[in-house]
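# A look at the structure
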Amino acid sequence: MIYHVVKHTDWQLAKQQGFYAPPSLSAEGFIHTSKADQVAGVLNRYYKEEKELLLLHIDEHKLQSPFIFEFSGSVNQEFPHIYGRLNIDAVVKEETL
């Protein structure tokens, strides 16, 4: 299981479109995701002031796009990155944060 933090409104739009493609996909070429033990750090670093967030629980075996673990020197950890759109049916749970 991998995880992605998303604004509620962005996720609702993605479900209407049938896929999720955040700005990071076009800007960096991938969607940032995390392992379970990395979620708290991601929330603390990037989402402190954000409201109405969801945590998407993604079954990586259901992804239609490839994903790989890549090293982030800024936090000295490997994170999973999805290289392509996130297909909606790979999300097995939406958790309100």
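Provided above is the structure to which this section pertains.
Computed from a prediction, not measured in an experiment: that's the story for all the values here.

### Some thoughts on the overall build of the protein chain
Tallying secondary structure elements over the protein chain gives three helices and eight strands in all. Overall, the protein chain shows an N-to-C arrangement of helices and strands of β-α-β-α-β-α-β-β-β-β-β. In terms of C-alpha radius of gyration, the protein chain reaches 13 Å, essentially the compact-globule figure of 13 Å for 97 residues. Overall size of the protein chain, expressed as C-alpha extent along the three principal axes, is 35 × 30 × 25 Å. Across the 97 residues that make up the protein chain, the buried fraction comes to 39%. Long-range pairs, those at least 24 residues apart, make up 75% of the contacts in the protein chain with a sequence separation of at least 6. For the protein chain, the accessible surface area stands at approximately 5,900 Å², while carbon and sulfur atoms represent 49% of it.

### What about the sheet that holds strand E5 (residues 67-72)?
The strands that make up a sheet are held in pairs by hydrogen bonds between backbone atoms, and each pair lies either parallel or antiparallel. Taken in spatial order, the three strands line up as E3-E6-E5 in an open sheet, and their pairing is antiparallel. Each having just a single partner strand, strand E3 (31-32) and E5 make up the two edges of the open sheet. Examined bridge by bridge, E5 and strand E6 (residues 77-82) share six bridges and lie antiparallel to one another. The partner of Ser 72 across the bridge, within E6, is Gln 77.

### Looking at the nonpolar core
Counting residues in hydrophobic clusters, the biggest one holds 16 residues, and the most contacted among them are Trp 11, Tyr 20, Leu 56, Ile 58, Leu 63, Ile 82 and Leu 86. When contributions to this core are tallied by element, the ones reaching two or more residues are strand E1 (2-7), helix H1 (8-17) and strand E4 (53-58). At three residues, the largest contribution of residues to this core is made by E4. Not counting chain neighbours up to four residues away, the residues in contact with Tyr 20 comprise His 4, Val 6, Trp 11, Ala 14, Ile 31, Arg 85, Leu 86 and Ile 88. Ranked by size, the runner-up nonpolar core spans five residues in total, among them Tyr 3, Val 5, Leu 53 and Leu 55.

### What to know about the sheet that holds strand E8 (residues 91-96)
Strand order in the open sheet made by the three strands is E1-E4-E8, with antiparallel pairing throughout. A single partner strand is all that each edge strand has here, and the edge strands are E1 and E8. For this sheet, the mean angle separating the axes of adjacent strands, direction not counted, is 25°. Where E4 and E8 come together, five bridges link them in antiparallel fashion.

### Quick notes on the packing of aromatic side chains
Per the counting criterion, the structure on display carries three aromatic pairs. Pairing Trp 11 with Tyr 20 gives two aromatic rings, centres 5.9 Å apart and planes at 70°, and the pair type is edge-to-face. According to the relative accessible area criterion, Tyr 20 is buried, its value standing at 7%. On the numbers, 5.9 Å between centres and 65° between planes, the contact of Phe 67 with Phe 69 is edge-to-face. In this arrangement the basic side chain of Arg 85 is found over the ring face of Phe 19, its NZ or CZ atom lying 3.7 Å from the centre.

Here is what the cut-offs are and how they apply
Residues numbered from 1 in each chain as written. Predicted model: local features only at pLDDT ≥ 70, side-chain atom pairs only at ≥ 80, totals over all residues. Heavy atoms only, no water. Helix = DSSP H or I, 4+ residues; strand = E, 2+ residues; numbered from the N terminus. Rg over C-alpha atoms; globule rule 2.2 N^0.38 Å. Buried < 20%, exposed > 50% of the residue type's maximum accessible area, 1.4 Å probe, protein only. Contact = heavy atoms within 4.5 Å. Areas by Shrake-Rupley, 256 points an atom, 1.4 Å probe, with all protein chains shown as cover. Pairing = 2+ DSSP bridges. Core = buried A, V, L, I, M, F, W, Y, C linked by side-chain atoms within 4.5 Å. Axes fitted to C-alpha atoms, helices over the stretch in contact; angles between N-to-C directions. Phe/Tyr/Trp six-rings, centres within 6.5 Å; stacked < 30°, edge-to-face > 60°. Lys NZ or Arg CZ within 6 Å of the ring centre and 35° of its normal.

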